[in-house]
Amino acid sequence: MELKPYEIIESVIAGARLGTKVLDSPHLAWLGVKAAAPLLFHREHRLNRAGRFGFQKIGSSRWSPGELAAYKHDCIATLAFFQRVLDARDGREPLVWLGWPLPIEVASGFDDVAAFVPEAFMAIANMVGTDGHVACLEAVEREGISDDICAMDRISLGAYLLEQIPTPAAIVSVAHPCDASRTTSQLMEYISGAPAYTIDTAYTKEDADVALYSKNLFEAIAFLEDTLGRKYNWDKFRRMVAVLNEQNRYLNEITHMNQSIPSAGLSLGLQTAWGSKITGAGNPELVKSAKAMYNVGRFRLRYPQLRRKVEKFRIIVADMPIVFSEMSMWIEKTFGGVVVGDYIGDAIFPEIDCTSLETMMMGVARDRLYMGMVKQAHGAARETVDDLERQIEQFSADCVIQNGHQGCKHNRALQRIVKDVCRRHDIPILIMEADIFDKRVMSEAEIKRELTNFFVANGFAS
Amino acid sequence: MTIFHEIRQLAQSTDNDYLTRARQQGHPTVGIFCSYVPEEMIHAAGAVPYRMRAVASEGTSLGDTYFSSANCSFVRRVLDKGLRGDFDFLDGIVFMNGCDHNRRLFDNWSYAGPDTGFNYMLFVPHGRSEACLAQYGHELAKLGRFLEGRFGTELTADRLRRSVALYNRKRALLQEIADSRRAAVLPISGTEFLSLMLAVTAVPVEDAIALLEQVLAELRAGRVHTEKAVLRLFVTGSCLEELSHMELVESAGAVVVADAICLGARYFERPVAVGGDPMTALAERYLRNLSCPRMMDDTAGRIDHVRERVSSFGADAVILEKLEFCSMMSGESYIASHELRKVDIPSITLTRELYGGGVGQLRTRIQAFYEKVINRS
């Protein structure tokens with residue numbers, strides 16, 4: 001696939017613009033999506049390539065009008081975020097790259113700086129069809145960079161090599177959550193030549209470690225002020241933290257709702273919130289999105305009989321979900337299995353103490369340590385294992401699926417421990433050998449076949 | 001038996017008589033991983049630091065029940081050895097978060113529970129800034145308190161200074177031997193030097209010094225290994241402990257004259273500063289010594305170091321050694337090979353499994369690379 005410069009971001013902007021308009025009438029949109037489902041649901045082909053990812057992002061025709069209405073606010077936030085990136089490309093303001101686990105507030109707290117997260121391409125490259133991921137990966141392969149590095153990071157690198165991302169004025173890197181991000185940060189700095197500041201994040205969630213992280217965040221802001229010659233707006237930071245607190249309260253509640261039997265069925269929405277937070281934390285639109293989703297959950301808990309029809313068994317995805325094609329809605333429609341929890345949508349964010357800038361920065365640092373994927377991947381195995389134990393118990397899971405993402409070496413190294421956790425809880429686990437971003441490793445059809453075999457073998461389907 | 005035969009024997013075995021003797025004298029053995037664990041602290045606590053290794057490994061079948069096929073062969077082999085009881089002579093292990101595979105080795109080791117005493121995880125920052133140095137100092141203080149409690153001793157400044165003096169002596173001797181390879185006539189091969197590194201990281205420091213003094217005496221007496229090397233090589237990378245691999249690299253007429261590997265220059269370069277607070281000096285030296293790719297803010301420093309050493313050791317080419325599934329070296333080898341090309345230094349990245357197969361393929365690649373380098377000059 002040949003990509004024109006900035007084609008992916010322009011597709012995202014076009015999609016977000018369309019979403020903002022269409023989802024203004026969520027019931028009409030719901031009807032439209034239902035009508036389009038036969039063409040888009042089962043597999044990607046030549047005719048649906050450009051639109052299928054967008055279709056999956058809005059629930060693959062399984063979402064209610066309420067969920068679609070919530071997603072409209074994500075579209076507005078997405079549009080604002082990517083439009084600024086293109087503005088920066090056109091020289092209107094400097095662009096700062098941040099490693100995805102970092103609080104974006106470090107850069108978005110400036111009035112006149114565009115913040116960007118190159119790893120966003122892990123998801124958005126699909127906006128031009130799943131070959132978008134492959135195009136980015138192939139660009140990296142042509143450069144001779146080894147595929148030992150996680151595909152998520154290679155996709156960001158490839159996007160830069162293919163002129164999908166503007167060159168930054170500065171980079172803030174982070175030593176989280178894995179070797180791949182550590183080495184890719186170095187590669188990005190090397191290839192772009194931009195001045196960089198590296199944050200060494202906490203290894204535990206203890207106060208002393210979080211304090212170091214917080215101190216590093218202050219230093220990163222000072223680095224950006226020096227490098228860009230601009231002043232950070234601390235009032236804006238305060239406002240963003242207040243917004244974040246509000247968003248977190250809703251997300252935490254929604255996570256609780258998913259623990260009910262039957263669940264509120266909102267894990268895909270929580271995954272979306274995870275992605276939106278990376279690029280847009282502090283944006284009031286994300287509070288509106290979370291609040292709308294929360295209202296959907298309340299309604300469903302009030303009328304559980306509606307959910308009972310679709311929820312035959314409950315699944316924990318002890319991993320990042322497959323990104324190149326959304327699986328949870330397919331599982332729900334085909335088998336009646338509901339993904340009630342996963343590694344990224346599970347929101348258990350602590351309230352941020354807003355009494356001073358120091359407590360707020362500590363809170364923001366801690367917030368990102370509780371963010372999915374960082375929450376489990378940093379520090380010792382107990383961070384992952386305790387999380388899985390808690391999820392299995394709290395969400396009353398019937399089975400666990402691990403996609404076995406090739407890039408997550410730390411996660412792959414825990415397969416025995418994770419299997420034993422499931423054995424202790426007497427529930428089956430499927431560990432696949434997929435790459436969640438690279439369909440060439442294991443295709444959508446192969447993944448569906450493995451899932452089907454697993455559900456049949458364990459009596460969840462016949 | 002010559003000193004080099006003894007060194008070779010020590011390099012190829014897991015346990016040895018020196019460790020047995022030390023244990024009989026009341027000095028427990030503590031395994032360590034990576035070059036960011038200050039051996040001086042373990043020594044000052046009355047124990048013998050022992051560099052963990054996969055030599056004499058029988059495979060990965062037991063290790064594979066914990067790790068996946070996407071994890072590196074070093075950790076799979078070491079865990080395998082642990083589960084087979086090869087390390088039962090240890091009284092404890094200090095792990096560190098060198099890479100994702102290594103930090104999970106701590107988790108799997110703790111979970112599987114081989115009979116190797118305590119398991120301690122030292123978290124080392126991924127940068128060299130002042131904030132990172134302060135954090136590392138804090139982590140070392142925690143390690144110190146742990147060792148004191150474990151061995152019922154006190155890590156006083158005087159004890160630490162005595163240990164620092166011994167390890168500095170060991171480093172100086174290794175440095176002198178390494179520097180002898182700057183000469184046109186090489187007194188020692190890369191394989192022999194790797195053997196030496198394996199040996200002296202597996203015995204008490206006092207014995208290591210004695211062994212190194214014997215080796216140095218032989219070198220000073222005019223030992224000649226290679227009159228004139230066809231090719232002089234610089235090797236950089238991460239985990240490299242297989243003598244067979246080094247022999248393969250050197251078998252086609254080339255000699256490794258210098259390196260930047262964990263069982264090499266990263267271990268012995270730069271002494272610990274003396275005179276001030278020993279804990280501060282240890283933190284400074286270990287965090288800011290010749291770095292490995294896990295350190296995110298020193299990429300340029302590592303490349304500069306390779307360039308400088310290639311020049312000062314008269315190396316003709318660079319081999320970038322990488323274990324399969326090592327993300328860190330994947331990025332590093334890309335940057336290093338591009339930077340070396342800019343200054344006309346040929347390089348090749350060799351990807352391998354630790355003690356793995358594919359020798360024929362590797363040999364072909366190595367020979368083709370040598371021919372290319374020789375033909376260009």
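Up top is the structure.
Here's a quick rundown of the structure. (Residues numbered from 1 in each chain as written. Chains lettered and ligands numbered in written order. Predicted model: local features only at pLDDT ≥ 70, side-chain atom pairs only at ≥ 80, totals over all residues. Heavy atoms only, no water.)

What about the nonpolar core?
Residue and element names in this part refer to chain A. Judged by nonpolar contacts, the single largest core of 220 residues is most densely connected at Phe121, Leu224, Phe437, Leu451 and Phe455. Residue contributions to this core peak at ten residues, all from helix 4 (residues 65-89). Not counting chain neighbours up to four residues away, the residues in contact with Phe437 comprise Met122, His133, Cys150, Ala151, Met152, Ile155, Met320, Val323, Phe324 and His405. (Core = buried A, V, L, I, M, F, W, Y, C linked by side-chain atoms within 4.5 Å. Buried < 20%, exposed > 50% of the residue type's maximum accessible area, 1.4 Å probe, protein only. Helix = DSSP H or I, 4+ residues; strand = E, 2+ residues; numbered from the N terminus. Contact = heavy atoms within 4.5 Å.)

Some thoughts on the pattern of salt bridges
Once the charged atoms of two side chains with opposite charge are near each other, the side chains can pair. Residue and element names in this part refer to chain A. Within the structure shown, the criterion is met by 69 salt bridges over all chains. As a salt-bridge pair, Asp346 and Lys375 come within 2.6 Å of each other at their nearest N and O atoms. Of this pair, Asp346 sits in the loop between strand 6 (337-342) and helix 16 (357-369) while Lys375 sits in helix 17 (residues 374-377); the two residues are 29 residues apart in sequence, bridging distant segments of the chain. The same class applies to Asp346 and to Lys375, which are both buried. Between Arg368 and Asp367 there is a salt bridge; the shortest N-O distance is 2.8 Å. For the pair Arg368 and Asp367, one class covers both residues: buried. Among the ionic contacts, a cluster of salt bridges with common partners joins Glu10, Asp87, Arg89, Asp90 and Arg92. (Salt bridge = Lys/Arg side-chain N within 4 Å of Asp/Glu carboxyl O.)

Digging into the interface of chain B and chain A
Listed by partner, the interface residues are 48 residues for chain B and 48 residues for chain A. When chain B packs against chain A, the two sides together hide about 3,800 Å² of surface, and 54% of this comes from carbon and sulfur. Its largest share of buried area at the contact with chain A, chain B owes to Arg104, Met296 and Tyr334 of chain B, together 20% of the area lost on that side. Joining chain B to chain A, the criterion identifies two salt bridges. Where chain B touches chain A, the interface holds 27 residue pairs in polar contact (both at pLDDT 80 or more). Counting residues per element, the ones that place at least two in the side of chain B that touches chain A are helix 5 (100-112), helix 6 (130-151), helix 13 (299-312), strand 7 (317-323) and helix 14 (327-342) of chain B. For the side of chain B that touches chain A, the element with the most residues is helix 14 of chain B, which contributes ten residues. The residue makeup of the side of chain B that touches chain A, split by class, is 19 nonpolar, 16 polar and 13 charged. (Buried area = accessible area lost by both parts, 1.4 Å probe. Polar contact = N/O pair within 3.5 Å; in protein donor to acceptor, adjacent residues only side chain to side chain. Nonpolar A, V, L, I, M, F, W, Y, C, P; charged D, E, K, R; others polar.)

Here we look at the state of the cysteines
Residue and element names in this part refer to chain A. Under the defined criterion, the tally for this structure stands at zero disulfides over all chains. For Cys178, which is in no disulfide, the shortest distance to another cysteine sulfur is to Cys150 and amounts to 6.0 Å. The exposure class of Cys178 is buried, given its relative accessible area of 9%. (Disulfide = S-S within 2.5 Å.)

Some remarks on the sheet that holds strand 1 (residues 29-32) of chain B
Residue and element names in this part refer to chain B. Read across the open sheet, the four strands follow the order 2-1-3-4; overall the sheet is parallel. With one partner strand each, in any of the chains shown, strand 2 (48-51) and strand 4 (118-122) form the two edges of the open sheet. The average angle at which neighbouring strand axes cross in this sheet is 25°, direction not considered. With four bridges joining them, strand 1 and strand 2 adopt parallel strand pairing. (Pairing = 2+ DSSP bridges. Axes fitted to C-alpha atoms, helices over the stretch in contact; angles between N-to-C directions.)

Some words on the pairing of strand 5 (residues 231-237) of chain B
All names here are of chain B. Counting buried positions along strand 5 yields seven of seven residues, so the element is predominantly enclosed. Residues Leu231, Leu233, Val235 and Gly237 line one face of strand 5 and the alternating positions Arg232, Phe234 and Thr236 line the opposite face, and both faces are buried. Where strand 5 lies against strand 6 (residues 254-260), six bridges are found, and the strand directions are parallel. The partner of Phe234 across the bridge, within strand 6, is Ala258. Handedness of the strand 5-helix 10 (residues 243-250)-strand 6 crossover: right-handed. Where strand 5 meets strand 7, five bridges bridge the pair, whose relative direction is parallel. Considered in strand 7, the bridge of Thr236 is made with Leu320. (Right-handed = clockwise from strand over helix to strand, strands pointing away.)

A look at the packing of aromatic side chains
Within the structure shown, the criterion is met by 34 aromatic pairs over all chains. The interplanar angle of 50° and the centroid separation of 4.9 Å between the aromatic rings of Phe299 of chain A and Tyr303 of chain A together place this pair among those described as tilted. The aromatic ring of Phe4 of chain B is capped on one face by Arg223 of chain B, whose charged end is 3.7 Å from the ring centroid. (Phe/Tyr/Trp six-rings, centres within 6.5 Å; stacked < 30°, edge-to-face > 60°. Lys NZ or Arg CZ within 6 Å of the ring centre and 35° of its normal.)

Here we look at a nonpolar patch on the surface
All names here are of chain A. Side chains of Phe299, Tyr303 and Leu306 sit close together on the surface and give an oily, nonpolar patch of about 280 Å² of accessible area. Mapped onto the secondary structure, Tyr303 falls in the loop between helix 13 (284-302) and helix 14 (304-308). Accessibility expressed as a relative area gives 34% for Tyr303, which makes it partly exposed. (Patch = residues over 30% accessible without salt bridge, like charges linked within 9 Å, V, L, I, M, F, W, Y side chains within 5 Å. Areas by Shrake-Rupley, 256 points an atom, 1.4 Å probe, with all protein chains shown as cover.)

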